[in-house]
Protein chains: 2
Amino acid sequence: MLPRIVVAGNGQLGQMLQQAGAPMQLKVMPVEPNQDIEVALHADDVITVEVEHWPDTVTGLQLKNHPNFRNASALHAVIDRQRQKSLLDQLQVPTAPWVDLDSEASLTEKLESLGERAVVKRRRGGYDGRGQWRWQRGDEVEAEWAETCIAEAMIPFSHEVSLVGARNAKGEKVFYPLTRNWHENGILRASVAGLDVPQEQQDSAEEWLSRIMDDQNYIGVMAMECFVVDGKLLVNELAPRVHNSGHWTQEGATISQFELHLRALAELPLIKPEIKGVSVMYNLLGRTWKTEWLGIDGVHVHWYGKSLRPGRKVGHVNINRPTLAQLEESLKALKELVDDEDRIAFDWSLEQL
Amino acid sequence: MLPRIVVAGNGQLGQMLQQAGAPMQLKVMPVEPNQDIEVALHADDVITVEVEHWPDTVTGLQLKNHPNFRNASALHAVIDRQRQKSLLDQLQVPTAPWVDLDSEASLTEKLESLGERAVVKRRRGGYDGRGQWRWQRGDEVEAEWAETCIAEAMIPFSHEVSLVGARNAKGEKVFYPLTRNWHENGILRASVAGLDVPQEQQDSAEEWLSRIMDDQNYIGVMAMECFVVDGKLLVNELAPRVHNSGHWTQEGATISQFELHLRALAELPLIKPEIKGVSVMYNLLGRTWKTEWLGIDGVHVHWYGKSLRPGRKVGHVNINRPTLAQLEESLKALKELVDDEDRIAFDWSLEQL
Ligand SMILES: Nc1ncnc2c1ncn2[C@@H]1O[C@H](COP(=O)(O)OP(=O)(O)OP(=O)(O)O)[C@@H](O)[C@H]1O
Ligand SMILES: Nc1ncnc2c1ncn2[C@@H]1O[C@H](COP(=O)(O)OP(=O)(O)OP(=O)(O)O)[C@@H](O)[C@H]1O
Ligand SMILES: [Mg+2]
Ligand SMILES: [Mg+2]
Ligand SMILES: [Mg+2]
Ligand SMILES: [Mg+2]
């Protein structure tokens, strides 16, 4: 009855998609694309991704060439920042001013055209802030930036938010409310969701993400990261997949982003998830968890089963409570039990409430 | 860090325990006990059950003889109705009047001692109302009842409820609110939870189940089925495991009965689950589900992946909504989409709200 969903990639996102499908026996099979093995795919499998690109290996090509490989066009547009920013411009979606660092000769000039400070980003392969450089007027430029990078004006944002939404083959779309995110050194530390969001921001964000998904005939969940400047949104970047800033939906919404993605892919009804209370998501970066945490109301630990390396995303914790006051109580209690270095994520979260 | 939980039995309960453990990488391994295979158990595995008894096969004995096999005493007390009823009497837990049908000679006399009508129940192996006979004064008795059955007075209950609770090794206990259940021909058709429950009933039920679990040094989730007669509870029977009448907790509580059972077994903190809105659980008995159901707010399908046979429990549907009015709305919408024969379960549920 239901197709099998095959996920290119072998990390936590595929694992959580698998967990979301299990109750209704919707089978999800993560496949590592970076290997030269012929995997057993069925003609009616539907192929989705948790990583944005992979080499042309035997498995990698098998996945890409499957007739039900979804969102090839969106992946093509997004995996190269030059193409992604051009798409945003073309669809008139406001985004940070940018330049293509195409020739070595004009590097300084191009960077200076963006103002006093810029963020240089590798066009391909960056994530969690890797492959980025902060530049300011007077700094040396690096020759290797030419042809491999774009640069963006440094945006003096008050905070960052993201919109997670889904679209199905019929063009129906649903969205979660904007989530507030805190990145440190380019890596997501914590998110807060379920707070009041200015309607105008929500509406613009939904309108833009709709425009993008419709343009790409997109099927599944897409995330759009934004900067908030003077109460207005500017798009930072797109993620054509389930997204870390949507992990709170596992306990904070009636339908999680993982189930929503599966529903869109399997042509199951797409309905607007109801939001349950207020949530904080806190990333475990190179740290284990402690069983005492489960003694606090509303705490849910998601552990990816990966080996520990400094700074590596190895899990996340969702804290979901019916009211703000209760969430505050749980956050304060949990803050006392986490590693010293992580208290700052709780301070940030508490400030947002 | 966490022990592996091995479940004796190979049905939906083990599967749902597995799903509950997945987010935190608490591994749950269901094992079919009725086979003569040496399975690879670890010394620090913790063994629990989803079935109450099994033959002395190679696997069956391996499970029973494992040093971390939990609740042997409670299983011993519960698998034979004669012992179970004696335990309830001994602990002064009110239960339906009963007799042991020990000798063929006194069958009629014993049945008549219970009043006009009785329910004859096989001491061992019955579930979903199998191995039961309704008897009334004047009916023939069957010789085979002697020594294999007990009989209970037929209780003129107004409705049935159940209490699901958990106890850990430290003796800490937590409970869900009483769930209202509707059985037809001895098999659970639907449950309603999250409604107001008379405090007196909740208190007695918790007190009795505490007494039972403490007496047995029980670890994990136990369910206690009760009749309500004139607003007072009488215990029907015990289930030393997660229970069908607790399935609503998957979406209707912050911690499901499956997670609670795992927490107790793995010595993780046991905290009182918070209840989310109101819930109805509706069993799929020999019927498939329709994808349109997922188009209704609050509907969650749990499908067990079993082959279809008439009347067989092959799945359940949880309907969870924040308010009574919203639950009513979802139930009415879903009622229009289910098989004609199942509408009655919705009529019953709607009457309870
Ligand atoms: N133009 C900018 N101005 C100011 N801050 C920026 C800018 N671009 C990026 N940042 C900061 O760096 C973070 C990471 O940038 P970006 O999202 O481009 O990186 P990434 O490596 O693709 O991250 P992800 O893991 O989300 O894919 C942003 O969330 C923001 O905090
Ligand atoms: N003494 C009784 N008086 C009236 N009704 C009874 C009595 N005993 C059982 N019933 C009815 O039959 C149903 C099934 O009985 P019981 O719970 O003993 O059976 P079971 O086969 O063990 O069921 P389960 O699947 O719950 O283990 C009860 O829920 C109740 O509706
Ligand atoms: Mg990125
Ligand atoms: Mg980003
Ligand atoms: Mg029983
Ligand atoms: Mg019963």
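Analysis parameters
Residues numbered from 1 in each chain as written. Chains lettered and ligands numbered in written order. Predicted model: local features only at pLDDT ≥ 70, side-chain atom pairs only at ≥ 80, totals over all residues. Heavy atoms only, no water. Donors = N, O, S within 2.8 Å, 3.2 Å for Na, K, Ca; no water. Helix = DSSP H or I, 4+ residues; strand = E, 2+ residues; numbered from the N terminus. pLDDT = per-residue confidence, 0-100. Contact = heavy atoms within 4.5 Å. Buried area = accessible area lost by both parts, 1.4 Å probe. Salt bridge = Lys/Arg side-chain N within 4 Å of Asp/Glu carboxyl O. Polar contact = N/O pair within 3.5 Å; in protein donor to acceptor, adjacent residues only side chain to side chain. Nonpolar A, V, L, I, M, F, W, Y, C, P; charged D, E, K, R; others polar. Buried < 20%, exposed > 50% of the residue type's maximum accessible area, 1.4 Å probe, protein only. Axes fitted to C-alpha atoms, helices over the stretch in contact; angles between N-to-C directions. Parallel < 35°, antiparallel > 145°, perpendicular 65-115°, else oblique. Domains from an automatic or database assignment. 1 Å grid on protein atoms, 1.4 Å probe; cavity = no way out; pocket = protein on both sides within 12 Å on 5 of 7 lines; lining within 4 Å. Points joined across faces, edges and corners; volume = space filled by probe spheres on them.

All names here are of chain B. Protein coordination of the magnesium ion (ligand 5) is provided by Glu237 (OE) and Glu237 (OE), with donor distances spanning 2.3 Å. The two metals, the magnesium ion (ligand 5) and the magnesium ion (ligand 6), are separated by 3.8 Å and share Glu237 as a common coordinating residue. Within the fold, Glu237 resides in strand β13 (residues 232-239).

Caution applies to low-pLDDT regions: their predicted coordinates should not be interpreted in detail. Summary statistics for chain A give a mean pLDDT of 97 and a share of 100% for residues scoring 70 or more. ipTM for the predicted complex: 0.96, alongside a pTM of 0.97.

Let's shift gears to the interface of chain A and chain B. Listed per partner, the contact involves 33 residues of chain A and 33 residues of chain B. Roughly 2700 Å² is buried in total at the junction of chain A and chain B, and carbon and sulfur atoms are behind 57% of that figure. Applying the counting rule to chain A against chain B returns two salt bridges. One salt bridge connects Glu274 of chain A with Arg321 of chain B, and the closest N-O pair in it is separated by 2.9 Å. Linking chain A with chain B are twelve residue pairs in polar contact (both at pLDDT 80 or more), by the criterion used here. Of all the secondary structure elements, the ones that give two or more residues to the side of chain A that touches chain B are α1 (12-21) and β15 (299-303) of chain A. Top element by residues in the side of chain A that touches chain B is β15 of chain A. It accounts for five residues. Tallied by class, residues from the side of chain A that touches chain B come to 16 nonpolar, ten polar and seven charged.

So, about helix α1 (residues 12-21) of chain B. Residues and elements named next belong to chain B. Buried residues dominate α1, accounting for seven of its ten residues. Of the residues making up α1, those classed as buried are Gln12, Leu13, Gly14, Met16, Leu17, Ala20 and Gly21. Close packing links the buried residues of α1 with β1 (5-8), β2 (28-31), α7 (249-252), α8 (257-265) and β16 (313-321).

Two quantities define a packed helix pair, namely the angle between the axes and the distance from one axis to the other. Residue and element names in this part refer to chain A. Closest axis-to-axis distance for the α1/helix α8 (residues 257-265) pair is 8 Å, and the angle between their directions is 75 degrees. The angle between the axes of α1 and α8 places the two elements in the roughly perpendicular class. Packed against α1, whose contacting residues are Leu13, Met16, Leu17, Ala20 and Gly21, the element α8 presents Phe258, Glu259, His261 and Leu262 at the interface.

Residue and element names in this part refer to chain A. Structurally, chain A comprises domain 1 (5-69), domain 2 (97-153) and domain 3 (159-352). Summing the contributions of domain 1 and of domain 3, the shared interface buries around 1500 Å²; its carbon and sulfur component is 71%. When the buried area of domain 1 at its contact with domain 3 is split by residue, Gln12, Met16 and Leu17 rank highest and sum to 33% of it. At the boundary of domain 1 with domain 3, the tally comes to one salt bridge. Two residues, Glu52 and Arg241, come together in a salt bridge whose shortest N-O distance is 2.7 Å. Where the side of domain 1 that touches domain 3 is concerned, the elements lending two or more residues are α1 and β3 (46-49). Here the side of domain 1 that touches domain 3 takes seven residues from α1, the largest share from any one element. Among the residues making up the side of domain 1 that touches domain 3, the classes are represented as ten nonpolar, four polar and two charged.

In this section: empty space enclosed by the protein. If you walk through the whole model with that rule in mind, you get six cavities of 30 Å³ or more. Together, 38 residues line the largest cavity, and Gln250 and Glu251 of chain A together with Pro23, Gln250 and Glu251 of chain B are the ones closest to its centre. Residue assignment for the lining of the largest cavity shows that the elements contributing at least two residues are α1, α7 (249-252), α8 and β15 of chain A together with α1, α7, α8 and β15 (299-303) of chain B. Of the residues forming the lining of the largest cavity, the biggest block, four residues, is contributed by β15 of chain A. Here the second largest cavity defines a volume of roughly 60 Å³. What lines the second largest cavity is simply Leu294, Ile296, Asp297, Gly298, Val299 and His300 of chain A together with Thr254, Ile255, Arg263, Ile271, Lys272 and Glu274 of chain B. The class makeup of the residues in the lining of the second largest cavity is five nonpolar, three polar and four charged.

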